[in-house]
Number of protein chains: 2
Amino acid sequence: MQQKSKIFGELSLIEKFKKKETILKEGKIENYLSYIIQGCVVQIINHDGNEICPGFTLENAFFSSYVSFLTREPSQLRIIAIEETFVERIPYDNLQAAYNFSGDHQKNGRIIAEQLYINASRRTISLITKTAEQRYVDLTKKHPDALQRIPLKYIASYLGITPVSLSRIRNKLAKK
Amino acid sequence: MQQKSKIFGELSLIEKFKKKETILKEGKIENYLSYIIQGCVVQIINHDGNEICPGFTLENAFFSSYVSFLTREPSQLRIIAIEETFVERIPYDNLQAAYNFSGDHQKNGRIIAEQLYINASRRTISLITKTAEQRYVDLTKKHPDALQRIPLKYIASYLGITPVSLSRIRNKLAKK
């Protein structure tokens, strides 16, 4: 399914990914900045045989292997669709062309970059300053449905803990 | 010392900070996006009586408590000058005004946001995928003078290790 987008205009396209489909393999260059219309994706880094999840994205937010997208270097992240996911995607070349013909596109690009920075930085600071339990509570407030939609191994990794620790926290809070 | 800037034009100013001077206190809103002409600053988070260093900046690069700058929320970071430091600073209000009258400023803002994202994300990924020794070697290649200029307790924290582990790595590599 491909149709014209309503956000980026003719320069972008709508794509559908199946549940569990790989959107980007690690080692490949990220060619898209994507916006989730419906569905959910996770970022994964393979390290020492473990899958580490530095981030996930639900509806109405942008995702990309953004360092790869900006630097044109191979992605260190893998991105997979957790559910059937519809995204609006603007290809790298189209976005660069858009920057050249409109200050509005420069503004959109700036705001997207800023928002991705804020999200990444808030996670880093919460890993430093908050307990795992606090991070779990924050997550359930911000994304109440994340725990039903995303496999717990990814949620645990995102929170910086083991799945066992996550279960312990959930059981403790369920008893309160 | 204040004089007109050559990078941002009349909207910015040059400021000098003394060695060890606090540039931004935690809990205050960050009102500046700053570019180091000469000198060095570190970001610090106080947590459980410890000083954690998520980042530092040397010459020819931008710094800010950027989440606070963008969101107008109180800064979770403290920023201090490690040396006598000259910075070019654009105040928040001036930058917003600049965005309204020029696509070039939108472009500059976008590129700064992207660069800050790349730096922050590379550190996060190196904390996940590399050993402390690899991170130390990367740092000495990228910023050969950082270890002479920045207190080792901050370097160790930036690398995600204790000062004792940092000394051990340095001694091991010095013997090679």
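Structural data are supplied above this passage.
Cut-offs applied
- Every chain is numbered on its own, with residues counted from 1 as its sequence reads.
- For naming, the first written chain is A and the first written ligand is 1, with later ones following in the order written.
- In keeping with the model being predicted, local features are shown solely for residues with a pLDDT of at least 70 and side-chain atom pairs are shown and tallied solely at 80 or more, while totals for entire chains, interfaces and linings include all residues.
- Only hydrogens and water are set aside when side-chain values are computed; all heavy atoms of the structure are taken into account.
- We define a salt bridge as a contact between a side-chain nitrogen of Lys or Arg and a carboxyl oxygen of Asp or Glu at a distance within 4 Å.
- Exposure classes here rest on a 1.4 Å probe applied to the protein chains alone. A residue is buried below 20% of its type maximum, exposed above 50%, and partly exposed in between.
- Two strands form a pair only when DSSP identifies at least two bridges running between them.
- Only runs of H or I of at least four residues qualify as helices and only runs of E of at least two qualify as strands under DSSP, and these elements are numbered from the N terminus.
- Note on definitions: a residue-residue contact is assigned when non-hydrogen atoms from the two residues lie within 4.5 Å.
- Only the contacting stretch of a helix is used when fitting its axis, a line to C-alpha atoms as for every element, and angles between N-to-C directions run 0 to 180 degrees.
- Defined by distance alone, a disulfide is two cysteine sulfur atoms within 2.5 Å.
- C-alpha atoms of residues with pLDDT of at least 70 in both copies form the basis for the least-squares superposition of the copies.
- Accessible surface is computed with a 1.4 Å probe, and the buried area is the amount of it that two parts give up when combined, taken over both parts together.
- We call two N or O atoms a polar contact when they sit within 3.5 Å, provided that within protein one can donate a hydrogen and the other can accept it, with sequence-adjacent residues counted only if both atoms are side-chain atoms.
- As a working rule, the residues Ala, Val, Leu, Ile, Met, Phe, Trp, Tyr, Cys and Pro are called nonpolar, Asp, Glu, Lys and Arg charged, and the rest polar, with Gly in that last group.
- Aromatic rings from Phe, Tyr and Trp, taking only the six-membered ring of Trp, are treated as a pair when their centres fall within 6.5 Å; an angle between ring planes under 30 degrees marks them as stacked, one over 60 as edge-to-face, and anything in between as tilted.

**As for the pattern of salt bridges**
Thinking step 1. Counted under the stated rule, the structure contains 22 salt bridges over all chains.
Thinking step 2. Across the pair A:Asp138 and A:Lys130 runs a salt bridge, and its minimum N-O distance is 2.7 Å.
Thinking step 3. Judged by its relative accessible area of 33%, A:Lys130 is partly exposed.
Thinking step 4. Where B:Arg149 meets B:Asp145, a salt bridge forms, and the shortest distance between an N and an O atom there is 3.0 Å.
Thinking step 5. Owing to a relative accessible area of 18%, B:Arg149 belongs among the buried residues under this scheme.
Thinking step 6. Because the salt bridges share partners, they merge into one network encompassing A:Glu59, A:Glu83, A:Asp145 and A:Arg149.

**Overview of the sheet that holds strand β1 (residues 13-17) of chain A**
Residues and elements named next belong to chain A.
Thinking step 1. With antiparallel pairing, the four strands of this open sheet are ordered in space as β1-β8-β3-β6. Of all the strands in the sheet, just β1 and β6 (62-63) have a single pairing partner and so form its edges.
Thinking step 2. Pairing geometry for β1 and strand β8 (residues 85-91), over five bridges, is antiparallel. Counted as the bridge partner of Glu15 is Val87 from β8.
Thinking step 3. The strands touched by helix α2 (residues 92-101) are β3 (32-38) and β8; relative to β8, the strand with the most contacts, the crossing angle is about 55 degrees.

**A few points about the state of the cysteines**
Working definition: the covalent bond between the sulfur atoms of two cysteines is a disulfide.
Thinking step 1. The full count for this structure, using the stated rule, is zero disulfides over all chains.
Thinking step 2. No disulfide involves B:Cys40; its sulfur sits 9.1 Å from that of B:Cys53, the nearest cysteine.

**Observations regarding the sheet that holds strand β4 (residues 41-47) of chain B**
Residues and elements named next belong to chain B.
Thinking step 1. Ordered in space as β2-β7-β4-β5, the four strands form an open sheet in which the pairing is antiparallel. Strands with a single pairing partner mark the edges of an open sheet, and in this sheet they are β2 (22-24) and β5 (50-57). Each neighbouring strand pair of the sheet contributes to a mean axis angle of 35 degrees, computed without reference to strand direction.
Thinking step 2. Sheet topology note: the β4/strand β7 (residues 78-81) ladder contains four bridges and is antiparallel. Bridge pairing links Val41 to Ala81 in β7.

**Considerations on the relation of the copies chain B and chain A**
Thinking step 1. Mapping chain B onto chain A calls for a rotation angle of 180 degrees and an axial translation of 0.0 Å; the resulting RMSD is 0.0 Å. Such values leave the two copies arranged in the relation of a two-fold axis.
Thinking step 2. Interface overlap between copies: 100% of the residues of chain B at the interface are likewise at the interface in chain A, consistent with a symmetric, same-surface contact.

**Some thoughts on unusual backbone geometry**
Thinking step 1. Positive phi, normally seen in glycine, also occurs at A:Asp48, with a value near 55 degrees.
Thinking step 2. Within the secondary structure layout, A:Asp48 lies in the loop between β4 (41-47) and β5 (50-57).
Thinking step 3. Residues other than glycine seldom take positive phi values, yet B:Arg72 does so here, at roughly 65 degrees.
Thinking step 4. Tracing the chain through its elements places B:Arg72 in the loop between α1 (66-71) and β7.

**Section: the interface of chain B and chain A**
Thinking step 1. Taken together, the contact between chain B and chain A spans 30 residues of the former and 30 residues of the latter.
Thinking step 2. In this assembly, chain B packs against chain A so that about 2800 Å² is buried in total across both faces, 70% of it on carbon and sulfur atoms.
Thinking step 3. Taken as a group, B:Arg110, B:Tyr117 and B:Ile128 account for 23% of the area that chain B buries against chain A, more than any other trio of residues on that side.
Thinking step 4. At the junction of chain B and chain A, the tally comes to two salt bridges.
Thinking step 5. A salt bridge links A:Arg122 to B:Glu73, with the nearest nitrogen and oxygen atoms 3.0 Å apart.
Thinking step 6. For the pair chain B and chain A, the number of links is six residue pairs in polar contact (both at pLDDT 80 or more).
Thinking step 7. Elements with a contribution of two residues or more to the side of chain B that touches chain A: β4, β5, α1 and α3 (103-129) of chain B.
Thinking step 8. Per-element tally for the side of chain B that touches chain A: the top contributor is α3(B), with 18 residues.
Thinking step 9. The residue inventory of the side of chain B that touches chain A, partitioned by class, reads 15 nonpolar, nine polar and six charged.

**Some words on the side chain of B:Arg89**
Residue and element names in this part refer to chain B.
Thinking step 1. By secondary structure assignment, the location of Arg89 is in strand β8 (residues 85-91).
Thinking step 2. Among the polar contacts made by the side chain of Arg89, one reaches the side chain of Glu15 at a distance of 3.4 Å.
Thinking step 3. Of the polar contacts made by the side chain of Arg89, one reaches the side chain of Ser34; its length is 3.0 Å.
Thinking step 4. Those residues within four positions of Arg89 in sequence are excluded, and the remaining contacts are Ser12, Leu13, Glu15, Phe17, Ile23, Glu30, Tyr32, Leu33 and Ser34.

**Observations concerning the packing of aromatic side chains**
All names here are of chain A.
Thinking step 1. Under the defined criterion, the tally for this structure stands at ten aromatic pairs over all chains.
Thinking step 2. Their ring planes at 15 degrees and their centres at 6.4 Å tell us that Tyr66 and Phe69 sit as a pair that is stacked. Of the two residues, Tyr66 and Phe69 are both situated in helix α1 (residues 66-71); the distance of three residues between them amounts to about one turn of the helix.
Thinking step 3. The buried category is assigned to Tyr66, whose relative accessible area is 4%.
Thinking step 4. Looking at Phe69, the relative accessible area reads 2%, which means it is buried.

What is shown is where atoms sit, not what they do.
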